[in-house]
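# Analysis of the macromolecular model
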Amino acid sequence: MDVPHPLPPLARSAHVAYVKHALANLPGSMVSLDASRMAIVFYCVGSLDVLGVLQTETSETDRTSWRTWIWEQYVAGRYGTGFKPGPFMSSSSSNARPAVPCEQDPPHIIMTYTALLSLAILRDDFTRLNRPGLLHFLGACQNKDGSFSSMPFGGGDSDLRNLYCAFCICSLLGDFSSINVERAISFIGSCRTYEGGYGQLPSCEAQAGTTYLAIAALRLAPPAPRPRLTTAERVRSEHWLIHSQDSLSGGFRGRTGKAPDACYCFWGGAALQILGAQDKLNAHEFTQFIASCQFRFGGIAKTPGQHPDPYHTYLSLAAAAMYAPRLDQNEQRYGQWEFAPFDPLVNARVDVVRWARERIPAPRRH
Amino acid sequence: MPAPETAAPAKLKYAERPEWADVEPLQQYEIANPLAPILYSEEYKDATDYLRGIVKAGERSERVLELTEHVIRLNPAHYSAWQYRYETLVALSAPLDVELKLMDEFADKHLKTYQVWHHRRLLLLLTRKPAPELALIARILQRDEKNYHTWAHRQWLLAFFNEPSLWEGELDFVDTMMNKDVRNNSVWHHRFFVVFQSGVREGEEDRERILKRELIYVKQNISLAPNNASAWNYLRGVLEHTRQPFGSLAAFVQPYTVPLPASTTDIVDLENPPPGRDADLPCAAAIEFLADVYEERGGADNVDKAVELWRSLANEHDTIRKKYWEWRIREALATSS
């Protein structure tokens, strides 16, 4: 380990081809993604953006038609407004009178978050966004215990994923007024474990993905008189996250004792960034693991030798983007691992987050 | 209520079946340039055309159960089909034991799908019969010992219904799972949940005794398998939760921080079980623990001892975390000077 192995090349053009192909066509074997297409769109468009090729590899016509497709999933009802994962329950345009009653095809909180980020990546002007409707929708998704369901009025499952998305959207809107922040924060606290990580639900085992969601949500929350985390809580989380880096491969584990997986490089690595502990992990071995998960014909898999998917491809690239500045710049192939600055809190490039924070809130009246 | 066999995917398309002739199928609407379109199978297209049709009509009937089951079999993540199925079961007052039996098969087959467990939870909120679940969960965990959803379901079930009889066999269950794999962190987590985070049950009121029991349990496990991060995390968790100083374990931990001695004495010390003869030592987690003991004690001498241990982790025993240990050293020195 004293003499680190040189980093393998990042197969940029192969990854570009992989996600472009996924945007054009997903095989029938991926039918289980039918109810989460918007997230797949985000992973693919996000991958192109993190690789810095959105402007060169796609045309303005492409990007316009992609924005049109995303807005096509925008729906309104008595629960407010938000985005659906795709047209899997639609038999006519959302812009026409909906054929399926909206109660059976409501917006979904995770899909709303991924749609807003995708639109910001595609530099949408958000003039179509109904802000009060969006706030109303978020409020309708919150449960009595402070948690959030994926759909309004207790529809769908409830866990920290939905809570993070709600907080992130409120933060982008600059408006937390439609949700009960303190109750949500106490729900996050109930997911904290003795190991230092957070479980998906109260009394569940510490997991790196949900630990990211908890720590990011606490940071996104409006400021409070006292810090949202005590020193002891912060130190314990940092301790657990730092120990999630596998000493053999450099990759991150999702849970204590499990095998490393590329997506946890993002969740664990981003949580450490938010805690300000990014300099405490081994960035070289971390990137080395991501490099080893690259699939021969493009895309990135959860572990070396597996088949890729858009989720692991995007999160691996985002993870690499966050830790690239910490690599040894004398490294021969460093240049291929160079990325634009990345925001771990919102999970997008810094310039995308800036765009979103400028255009998603209601325009100021003069 | 159709038996599960007759609800299996039909060979004929719905469009060709006379009993479905009264339903108007609704094709999925896609705009001219769809994003990430899925190449649906003909069977999926046909079934979801009828699902959209039946949902639009608002029909609640036996055949809705047949249709939604079909869609779910093709795509277990189709949350709208799940939701419509649930509402239909309620509307028809359908026998939920039959539904749960069908769901046993789904839990087995699609144990990584959120919707399967969410639906199950909704059903249990109606039946309020949690007891039979424990056996099903145990069976599924035999096959996939670390499945997150399954463990989460068990934890929810115990905490939500919170019946004394449900908790009765829980520590025995932990032992059974632990015997299969002492490195299964889900089991360690579950033990912590049962012992410390779910209230104090009858017979467990003497917390001193419980603490002692747990410390012996974890020390014995470390003695059998020293390089087990789950056990060390449990030990730290127990001490922090009960506000015990780490220093109270120094005598136990010390032998794990050095190479295995050539000869060992055969004195049995139940309080401090020694490492086994084939243990791979020194153990990084033990070194870290002992460094924490020195840091906790404070004073320049102790900080020096802690720094020396952290240095050995950074340079020899845990080099992947070199930067982390170097940071610990800087922090400790800055605080102590």
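Anything mentioned here points back to the structure above.
Since this is a predicted model, take the numbers as computed values, not measurements. (Residues numbered from 1 in each chain as written. Chains lettered and ligands numbered in written order. Predicted model: local features only at pLDDT ≥ 70, side-chain atom pairs only at ≥ 80, totals over all residues. Heavy atoms only, no water.)

### Digging into the overall build of chain B
Stated formally: Going along the chain from the N terminus, every DSSP run of H or I of four or more residues is numbered as a helix, and every run of E of two or more is numbered as a strand. Under the scheme applied here, a residue whose accessible area is under 20% of the maximum for its type counts as buried, over 50% as exposed, and between as partly exposed, the area being computed with a 1.4 Å probe on protein chains only. Contacts are residue-level and defined by heavy atoms, with any inter-residue pair within 4.5 Å sufficient.
Per the secondary structure count, chain B includes 16 helices and 0 strands. The 337 residues of chain B split such that 52% are buried. Partitioning the intrachain contacts of chain B with sequence separation of at least 6 by distance along the chain shows that 64% fall at a separation of at least 24.

### Some points on the overall build of chain A
Formally: Reported accessibility uses the Shrake-Rupley method at a 1.4 Å probe radius. Residues are deemed covered only where the shown protein chains occlude them.
The helix and strand tally for chain A stands at 14 helices and 6 strands. In terms of principal-axis extent, the alpha carbons of chain A reach across some 65 × 50 × 45 Å. In chain A, which comprises 366 residues, the share counted as buried stands at 65%. Within chain A, contacts between residues at least 6 apart in sequence are counted, and of these 67% link residues at least 24 apart. Total accessible area on chain A stands at roughly 13300 Å², and carbon and sulfur atoms take up 52% of it.

### Structural notes on the packing of aromatic side chains
Keep this limit in mind: Pairing of aromatic side chains here covers Phe, Tyr and the six-membered ring of Trp, requires ring centres within 6.5 Å, and sorts the geometry by plane angle: under 30 degrees stacked, over 60 edge-to-face, intermediate tilted. Consider the ring centre and the ring normal. A charge sits over the ring if Lys NZ or Arg CZ is within 6 Å of that centre and within 35 degrees of that normal.
Taken as a whole, this structure holds 41 aromatic pairs over all chains when the rule is applied. Pairing Tyr113 of chain A with Tyr164 of chain A gives two aromatic rings, centres 5.5 Å apart and planes at 80°, and the pair type is edge-to-face. Placement of Tyr113 of chain A in helix α5 (residues 109–121) and of Tyr164 of chain A in helix α7 (residues 160–173) is noted, with a sequence separation of 51 residues between them. Accessibility expressed as a relative area gives 7% for Tyr113 of chain A, which makes it buried. The class for Tyr164 of chain A is buried, based on a relative accessible area of 3%. Following the ring pairs from residue to residue traces out a cluster consisting of Phe42, Tyr43, Tyr113, Tyr164, Tyr212, Phe266, Trp267, Tyr311, Tyr314 and Phe342 of chain A. Directly above the ring of Tyr114 of chain B sits Arg161 of chain A, whose terminal nitrogen or CZ lies 3.8 Å from the centroid.

### Some points on the interface of chain B and chain A
Threshold: Here the quantity called buried area is the accessible surface, traced with a 1.4 Å probe, that two parts lose on coming together, added over both. Only one rule defines a salt bridge in this text: a Lys or Arg side-chain nitrogen within 4 Å of an Asp or Glu carboxyl oxygen. Between N or O atoms, a polar contact is any pair within 3.5 Å; within protein, one atom must be a potential hydrogen donor and the other a potential acceptor, and residues adjacent in sequence are included only when both atoms are from side chains. Nonpolar residues are Ala, Val, Leu, Ile, Met, Phe, Trp, Tyr, Cys and Pro. Charged residues are Asp, Glu, Lys and Arg, and all others, Gly as well, are polar.
The partner chain A presents 71 residues to the 58 residues of chain B that form the contact. Overall, the association of chain B and chain A removes approximately 5800 Å² of surface from exposure, summing both partners, and the carbon and sulfur fraction of that is 58%. Our count for the chain B to chain A interface comes out at 2 salt bridges. Residue Arg37 of chain A pairs with Glu30 of chain B through a salt bridge whose shortest N-O separation is 2.6 Å. Joining chain B to chain A, the criterion identifies 31 residue pairs in polar contact (both at pLDDT 80 or more). Broken down by secondary-structure element, the contributors of at least two residues to the side of chain B that touches chain A are α1 (42–57), α3 (79–92), α5 (114–127), α7 (148–161), α10 (185–196), α12 (229–241) and α16 (322–336) of chain B. The dominant element in the side of chain B that touches chain A, judged by the number of residues it contributes, is α12 of chain B, at 7 residues. Taken together, the residues of the side of chain B that touches chain A sort by class into 29 nonpolar, 17 polar and 12 charged.

### Side note on the pairing of strand β4 (residues 155–158) of chain A
Residues and elements named next belong to chain A. Note the cut-off: Paired strands are those between which DSSP finds at least two bridges.
Relative to β4, strand β3 (residues 149–151) runs antiparallel, the two sharing 2 bridges. In the strand pairing of β4, Met151 is matched with Gly155. Connecting β3 to the next strand, β4, in antiparallel fashion are 3 residues, including Phe153 with a positive phi near 55°.

### Let's talk about the packing of helix α2 (residues 37–50) of chain A against α5 of chain A
Residues and elements named next belong to chain A. Stated precisely, the cut-off is as follows: Where helices are involved, their axes are fitted lines through C-alpha atoms of the stretch in contact, as for all axes, and angles between N-to-C directions lie from 0 to 180°. Here roughly perpendicular refers to angles of 65 to 115 degrees, roughly parallel to angles under 35, roughly antiparallel to angles over 145, and oblique to all remaining angles. Rotating anticlockwise by less than a right angle from the far helix to the near helix defines a left-handed crossing, while the corresponding clockwise rotation defines a right-handed one.
Running from N to C, α2 and α5 point in directions that differ by 30°, and their axes come no closer than 9 Å. Put simply, α2 runs roughly parallel to α5. α2 and α5 meet at a crossing whose hand is left-handed. Of the residues in α5, those in contact with Met38, Ala39, Val41, Phe42, Val45, Gly46 and Asp49 of α2 are Met111, Thr114, Ala115, Leu117, Ser118 and Ile121. Among the residues making up the contact of α2 with α5, the classes are represented as 9 nonpolar, 3 polar and 1 charged.

### Re the side chain of Arg349 of chain A
Residue and element names in this part refer to chain A. Examined against the element boundaries, Arg349 turns out to sit in strand β6 (residues 348–349). For Arg349, a relative accessible area of 16% gives the class buried. Residues within four places of Arg349 in sequence aside, it is in contact with Asp49, Val50, Gly52, Ala340, Pro341, Phe342 and Asp343.

### As for unusual backbone geometry
The bulk of non-glycine residues show a negative phi, and the bulk of peptide bonds are trans. Residues and elements named next belong to chain B. Here Leu281 and Pro282 are connected by a cis peptide whose omega angle stands at 0°. With respect to the secondary-structure elements, Pro282 resides in the loop between α13 (250–253) and α14 (284–297). Backbone geometry places Ala36, a non-glycine residue, at a positive phi of 45°. With respect to the helices and strands, the residue Ala36 is situated in the segment before α1. At Arg243, a position not held by glycine, the phi torsion is positive, near 55°. Mapping Arg243 onto the fold places it in the loop between α12 and α13. Its relative accessible area of 76% is what places Arg243 among the exposed residues.

### Re the packing of α3 of chain B against α5 of chain B
All names here are of chain B. Relative orientation of the contacting elements α3 and α5 amounts to 15°, with a least axis distance of 10 Å. By the criterion of interaxial angle, the relationship of α3 to α5 is roughly parallel. By crossing handedness, the relation of α3 to α5 is classed as right-handed. Seen from α3, the contacting residues are Tyr79, Trp82, Arg85, Tyr86, Leu89 and Val90; seen from α5, they are Gln115, Val116, His119, Leu122, Leu123 and Leu126.

### Quick word on the state of the cysteines
All names here are of chain A. Defined as follows: Counting rule for disulfides: a pair of cysteine sulfur atoms within 2.5 Å.
Overall, the coordinates contain 0 disulfides over all chains when judged by the stated rule. Looking at the unpaired Cys191, the closest cysteine sulfur is the one in Cys204, lying at 7.5 Å. Look at Cys191 and you get buried, because its relative accessible area is 0%. With no disulfide of its own, Cys265 lies 7.0 Å from the sulfur of Cys293, the closest cysteine sulfur.

### Points about the pattern of salt bridges
In total, this model carries 48 salt bridges over all chains according to the counting rule given. Salt-bridge contacts for Arg161 of chain A lead to Asp159 of chain A; the nearest nitrogen and oxygen are separated by 3.1 Å. Of the charged contacts in the structure, one is a salt bridge between Arg17 of chain B and Glu66 of chain B, with a shortest N-O distance of 2.9 Å. Taken as a pair, Arg17 of chain B in the segment before α1 and Glu66 of chain B in helix α2 (residues 62–74) lie far apart in primary sequence, 49 residues in all. When its relative accessible area of 10% is taken as the criterion, Arg17 of chain B is described as buried.

### Thoughts on the nonpolar core
Going by this rule: Residues enter a nonpolar core if they are buried and are Ala, Val, Leu, Ile, Met, Phe, Trp, Tyr or Cys, with the set joined through side-chain atoms within 4.5 Å.
Counting residues in each nonpolar core, the largest one holds 201 residues, and the members touching the most others are Phe167, Tyr212 and Phe266 of chain A. Counting residues per element, this core draws most heavily on α7 of chain A, which supplies 11 residues. Sequence-distant contacts of Tyr212 of chain A, defined by excluding residues within four places in its chain, comprise Tyr164, Phe266, Trp267, Ala270, Ala271, Ile274, Pro344, Leu345, Val346 and Asn347 of chain A. Membership of the second largest hydrophobic core comes to 36 residues, among which are Tyr14, Trp82, Met103 and Leu136 of chain B.

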